[in-house]
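A closer look at the structure
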Amino acid sequence: MNKYKFIEWCRANIFESANFHYKVLVILISYFLFNRFIRKISFVYLNTDFLTLKVLEGALFGLTYLILIISVCFLRKKIPKIVFFCWFGLISVFFINEIRYAYLNINYSILESLTSTQGFYAAKLTLPILFWGVWGVLKNNLTYGAKFIKHLKAFLIVNLVFIISGVIFGVSLFESYPLTGRWGYNGLLSHGTTNSGFYGMILLGLSLNNRGDWNKIFLFSMGLIMLGHKAALLYLILIIYFIWIKDKVVKKSLFWIGLIFVFSSSYWFPKAVKYSNFWNSIYENHGVLGALLSLRNENISNVFSSGEFGVFNMFFGGVVRYPNDVEMMLFDLFIFYGVIGVLLYFLFIFKYVKEWFLAIPIIVAFFGGGLYESPLAMFVFGVIIFNNSKKYRSINDF
């Protein structure tokens, strides 16, 4: 086989193959789930962390980034130009800030940046942009997308058995926040906000399906409640309000009830948290807003009081460096990439998110992290989008 035939074989069977990218997705999510569960066991029972597993996970995602860059090169004529524009723009803003930071800090290390600080964050943020661009133009992507979602859904249903076991028997290993006293159970899963995303996005897909299975909808709804995450409850509330409820009068009534509920939180919240030592402690030390936002309001204050602000930072970010983040989408994009980064990222998102109901995960991310800063969650979100937009809804295999 000469080199030209080899390149052609690679193009057809690897870089332009939905089957190959599907397998990459399966390998990534399988290792991610295995890695986090093993590390969860080590935390609960061994009080340690397996650094090797974390390094291997980083290597897998790094290899995926390289594969996607090559795929982009082969598919460059099919991928929308906006993908290149937004990806290159965000990468450029990152390098501008990185050069500026390196010039002002003699101890700067590019290796440290790529493995644990700003470069690491930039890779996590921009990797899904390439994935969406590639996945969206692959032949048979909807078939493999439905297959992937079907398998993920099956795993999450099996995981519900462990969640329910945790709720009934109080198994520490199945807790969402082991050894903290905070209520919530995620079974074999570990990464908190990503779990909310998995269950929330699958429930979203099930709810949008005209042939939706109400037994599964009920199971995933209960799963979101039992996770014990506020983000999970927000997913459920938004799905119920925007998708399940069709009557406009009922929606309007619930809207006003919700407003009253929020503005009266200073009255009912202190009474509600008395039933939980964990949340009562948070309330007493940080107030209602601190408890509702899981101290993200204090993250905002800390970042904006310690960071550097000027015209340059307003446009290009670089206010602080990761991991000093807020864990709220709009704020994190602004402090790291400025107004330009915010515009670029949402320009990309709304290139693909055409229907407002598919933006529910984005709305949740405005109040908590776990989506935009988790490549795997964004991969799943992308597959959900392609398999649930109005254009493709009829061949969804949920």
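Everything discussed here concerns the structure shown above.
Residues numbered from 1 in each chain as written. Predicted model: local features only at pLDDT ≥ 70, side-chain atom pairs only at ≥ 80, totals over all residues. Heavy atoms only, no water.

Regarding the packing of aromatic side chains
Going through the model one piece at a time under the given rule, you end up with 32 aromatic pairs. Considering the side-chain rings of Tyr121 and Phe336, the 4.7 Å spacing of their centres and the 55° angle between planes classify their relative orientation as tilted. Taken together, the positions of Tyr121 in helix H6 (residues 118-135) and Phe336 in helix H16 (residues 329-352) put the pair 215 residues apart, joining distant regions of the chain. Judged by relative accessible area, which is 3%, Phe336 ranks as buried. Both rings, one in Trp214 and one in Trp244, keep their centres 6.0 Å apart while their planes meet at 65°; by these two values the pair is edge-to-face. Of the two residues, Trp214 is situated in helix H9 (residues 214-227) and Trp244 in helix H10 (residues 230-244); the sequence distance between them amounts to 30 residues. Feature note: the residues Trp132, Phe348, Tyr352, Phe381 and Phe386 constitute an aromatic cluster, connected by ring pairs. (Phe/Tyr/Trp six-rings, centres within 6.5 Å; stacked < 30°, edge-to-face > 60°. Helix = DSSP H or I, 4+ residues; strand = E, 2+ residues; numbered from the N terminus. Buried < 20%, exposed > 50% of the residue type's maximum accessible area, 1.4 Å probe, protein only.)

A short note on H9
End to end, H9 covers 20 Å across 14 residues, agreeing with the expected 20 Å (1.5 Å per residue, within 8%). Those residues of H9 lying buried are Ile217, Phe220, Ser221, Gly223, Leu224, Met226 and Leu227. Structurally, the start of H9 carries an N-cap: the backbone nitrogen of Asn215 is 3.0 Å from a side-chain oxygen of Asp213. (Expected span 1.5 Å × (residues − 1). Polar contact = N/O pair within 3.5 Å; in protein donor to acceptor, adjacent residues only side chain to side chain.)

Notes on a nonpolar patch on the surface
Judged by side-chain polarity, Phe304, Phe309, Val311, Met314, Phe315, Val339 and Leu343 come together as a nonpolar surface patch covering roughly 640 Å² of accessible area. For the nonpolar patch, the secondary structure elements donating two or more residues are helix H15 (311-316) and H16. At three residues, H15 tops the list of elements feeding residues into the nonpolar patch. Its place among the elements puts Phe304 in helix H14 (residues 296-306). Taking the relative accessible area as the measure of exposure, Phe304 reaches 32% and is therefore partly exposed. (Patch = residues over 30% accessible without salt bridge, like charges linked within 9 Å, V, L, I, M, F, W, Y side chains within 5 Å. Areas by Shrake-Rupley, 256 points an atom, 1.4 Å probe, with all protein chains shown as cover. Salt bridge = Lys/Arg side-chain N within 4 Å of Asp/Glu carboxyl O.)

Focus on the pattern of salt bridges
Note that side chains of opposite charge can pair when their charged atoms are close. Summed over the entire model, instances satisfying the criterion amount to six salt bridges. For the salt bridge of Arg296 with Glu327, the shortest nitrogen-to-oxygen distance reads 3.4 Å. One end of the pair, Arg296, is in helix H14; the other, Glu327, is in the loop between H15 and H16, with 31 residues separating them in the sequence. Judged by its relative accessible area of 10%, Arg296 falls in the buried class. One network of salt bridges, with partners in common, ties together Glu8, Arg11 and Glu16.

Description of the nonpolar core
As a rule of thumb, nonpolar side chains are buried together in soluble globular proteins. In this structure, Trp132, Phe148, Tyr199, Tyr337, Tyr345 and Phe381 are the most contacted members of the largest nonpolar core, which totals 104 residues. No other element matches the 13 residues that H16 contributes to this core. Non-local contacts of Phe381, meaning those with residues more than four positions away in its chain, are made with Trp132, Met201, Val353, Leu358, Pro361, Ile362 and Leu371. Membership of the second largest hydrophobic core comes to six residues, among which are Val273, Trp279, Val288 and Ala291. (Core = buried A, V, L, I, M, F, W, Y, C linked by side-chain atoms within 4.5 Å. Contact = heavy atoms within 4.5 Å.)

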